[in-house]
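# Breakdown of the fold
Each chain, written out:
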Amino acid sequence: MKTSIEINEAIKALTSREITELEEAYQGLDYLNKLNKGQQIAATRENGNYLVIAGPGTGKTHTLVYRVLHLIKKGVDPKSIVIITFTRKAGNVLSERLAWLLPNVALGFVGTFHAFANHISQLIGSESPISKFRLLDSEDDMAVHKLVMADFGQFNKRQSAKGLQKMLSYCCNTGLSVKEYIQKFDLRKMQEDAENIQTYMQVYEKYKVDHMLANYDDMISVISRYLEKEGTEDVTAPFEYLMIDEYQDTNQMQLNFVKRLKVKNVMAIGDDFQGIYAFRGADHRIILNFYNDFTAPQMIKLTENYRSTDQIVGWTNQTIERSKLGYHKALKAATDKDGAVKVVSGASLERHKSFVLSNIKQNSDKTHALIYRYNKNRTVFEKALIAENIDYVVYGGIRLLERKHVKDALSFLMVYLNRRDIVGYNRILTLLPGIGVKTAKRLIKTDMEDISFLKGDKRGLVQSVKDVLSFKGDKAELFDQITDFYFSIYENIESDYYTKEEIAEDFKLVRDLLITFDALENFIVNIILDPVVDLKKGKNPKVVLTTIHSAKGLEFDCVYYFHTHDWYKNYDLETLEEDRRLFYVGISRAKEDLYVFDHTEIKRSFEDILRDFDSLPLLKEPAQKHCDTPQLDTAVKNPPSDCLPAKKGANRSKTGQEMAEIVEDESGTKVDQKEVVKKEAVSKRADRLDNVIHVDFSSRRK
């Protein structure tokens, strides 16, 4: 990835190529009447590469839909259009709007990155490197890690399956090495095991190949590498127009995938100031580097906000005006509604509780969201809402597939399709009373042909499993057989969270979903790639408690934003800018009323709060003795003592050595020598991504 200097140059270059006027040929078209000027410009783009910067509430989905309409009216084959969305839910919303606007018109694809990679795998057919592989969701992938760890035994210190899973996935998505990951997150306890973890990564990847298993990351990375080979151009040739939603949330692996699709006309849409998923491996600098990643790109901005009042939009603009990095835009409120905007001081959440509860009661017809960065901030209000008998819901939603009983039932379906599915097979058999891992392994080895060594009820239960897996009937009847058997052993299955009635209700939901698919195989692939979110609890909640990350994409009449600022952690530019983006996302959820609760007893203005995100004095020069900021790729969590803010009254001047680290390049521009030295190593990240682990998935296909 590029350095901060190069990123700023890319931002400047693309900004100079902004399109601000609609071509005369498109003025007056009836089907564009429902769009504002910025949306019309974006919707009428045809050939070429475009980045659409869409602020909160500016109607980006509306714009994408009308661009599809425009392309089709211009004679473009709908099958040549692909839209990639960040979530399945967003894809469904887009599909619904398209169906309303263009009935009986099917595009080439609408859905997530993972689903599109799977779609391409199906187009490839039997030659796909992951053909016939069993897809692993997060929990099943964790089970694989545990199986591999049980036989590995080379770690110096105890490692957790969850920690290794997170690390390996992050490295795969970003291109970081194990050592770089450990350094980035300051995981000192893992330092001495860095080489062992690298070896473990290879063993883990080989295990998946040997057992024909592929997780979410494999779906994209393996197909991406396949498309890089010569002679694969025909696979993606039918796709001429690619649109990518929420582009600020993409990671390096996804960017490589997009480039290897070799689609000539790419439109990415997003808001760089809403890039807040770095902890998942997303890199908001990708959207900032669009100029360098695509040929002859141009920019369009959507700035009319249809969500918030003028006061809230004003605060949103003030938040991003002070940023040192990004595409600057001036949002305009498209509504003339009024509302309240206020900063409320008070270091204790208890101080804010009565105000919030009173406001909720007085405005019971409105939607209310309590938005916070850390879940610990939820406790005080959750207790209060319960005490006041106020209905509420906590976001995010519970994924249906993550529920134990649902995964148990789905494991039967997976093994029914593929007896080589060792993860699902083990899960089924260990459900049975008296059957442990060792016995399950023995049974799996013979595909349950030899059950003579089992005694009493165990033999009968295993025979029942064999009967279910040998059932001849349609998929709905098969699922009924599975759930009937599940309830026959229900007393032996622990469930601390769900009653028998709730489990039955979940099974009914899964069955209803199952019958909408033409084939059992398609159902399994879809539900693993993007699990269905359970929304039956609190479908239209009036009060929501949510973290900033879970609130993204949502809107509420009244927002209570709890501002926290860990100043002692924020000594580098990247962390400060991430905090600014989180704040921006949080306050921009508000439609009418916005209350920002401060973390101090001192009465402060909104401008005072914004200063929390400004660079500390020591960051204004890029060449401090021990702090390599504003190098965006550096994320050290424990700075040396002389990198911390100076105490009040202290006078810290630069030494001659520090000043000497600033030099002039050939053009006379001042640059940081440290940044120049690091530039080459940083830019190799994308190339290294494909070299993290090279495993031949095709060697296990049958």
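To start, this report covers the structure provided alongside it. (Residues numbered from 1 in each chain as written. Predicted model: local features only at pLDDT ≥ 70, side-chain atom pairs only at ≥ 80, totals over all residues. Heavy atoms only, no water.)

Before going further, it helps to spend a moment on the packing of helix 15 (residues 310-321) against helix 26 (residues 573-587). Close contact between helix 15 and helix 26 brings their axes to 10 Å; oriented N to C, the two are set at 170°. Here helix 15 lies roughly antiparallel to helix 26, going by the angle between them. Judged by residue contacts, I312, W315, T316, T319 and I320 of helix 15 engage R580, F583, Y584 and I587 from helix 26. (Axes fitted to C-alpha atoms, helices over the stretch in contact; angles between N-to-C directions. Helix = DSSP H or I, 4+ residues; strand = E, 2+ residues; numbered from the N terminus. Parallel < 35°, antiparallel > 145°, perpendicular 65-115°, else oblique. Contact = heavy atoms within 4.5 Å.)

A few words on the sheet that holds strand 16 (residues 543-547). Strand order in the open sheet formed by six strands is 11-18-17-12-16-13, with parallel pairing between adjacent strands. This sheet does not close on itself; its edge strands, each paired only once, are strand 11 (341-344) and strand 13 (393-395). Neighbour-to-neighbour, the strand axes of this sheet turn through a mean angle of 20°, independent of strand direction. Pairing between strand 12 (residues 368-372) and strand 16: five bridges, direction parallel. Looking across to strand 16, one finds that H368 is bridged to V543. Packed onto the sheet, helix 15 meets strand 11 and strand 18 (590-597) and runs at close to 55° relative to strand 18. Contacting strand 12, strand 13, strand 16 and strand 17 (556-562), helix 17 (residues 378-387) runs over the sheet at an angle of about 165° to strand 16. (Pairing = 2+ DSSP bridges.)

Before going further, it helps to spend a moment on the sheet that holds strand 6 (residues 241-244). Pairing is parallel across the open sheet formed by six strands, whose spatial order is 3-2-6-7-1-8. If you trace the sheet from one side to the other, it starts and ends with strand 3 (109-111) and strand 8 (298-302), each paired once. Here the strands of the sheet are splayed against their neighbours by 15° on average, with no regard to which way each runs. Judged from the four bridges that link them, strand 6 and strand 7 (residues 265-270) form a sheet pairing that is parallel. The residue bridging I244 from the neighbouring strand is A268, located in strand 7.

The next thing to look at is the pairing of strand 16. Of all five residues in strand 16, five are buried, a share of seventy percent or more. Alternating residues of strand 16 divide into V543, L545 and T547 and V544 and T546, and every residue in both groups is buried. Of the strand pairs in this sheet, strand 13 and strand 16 are connected by three bridges, and their pairing is parallel. Following the sheet pairing, V393 is matched in strand 16 by V544. (Buried < 20%, exposed > 50% of the residue type's maximum accessible area, 1.4 Å probe, protein only.)

The next thing to look at is the nonpolar core. One finds L51, F116, I120, L242, Y247, F257 and Y327 to be the most contacted residues of the largest nonpolar core, which totals 47 residues. Top element by residues in this core is helix 10 (residues 216-227). It accounts for six residues. For I120, the contacting residues outside a window of four places in its chain are I223, L227, V235, T236, F257 and L261. V415, Y425, V468 and Y498 belong to the second-largest nonpolar core, a separate cluster that totals 43 residues. (Core = buried A, V, L, I, M, F, W, Y, C linked by side-chain atoms within 4.5 Å.)

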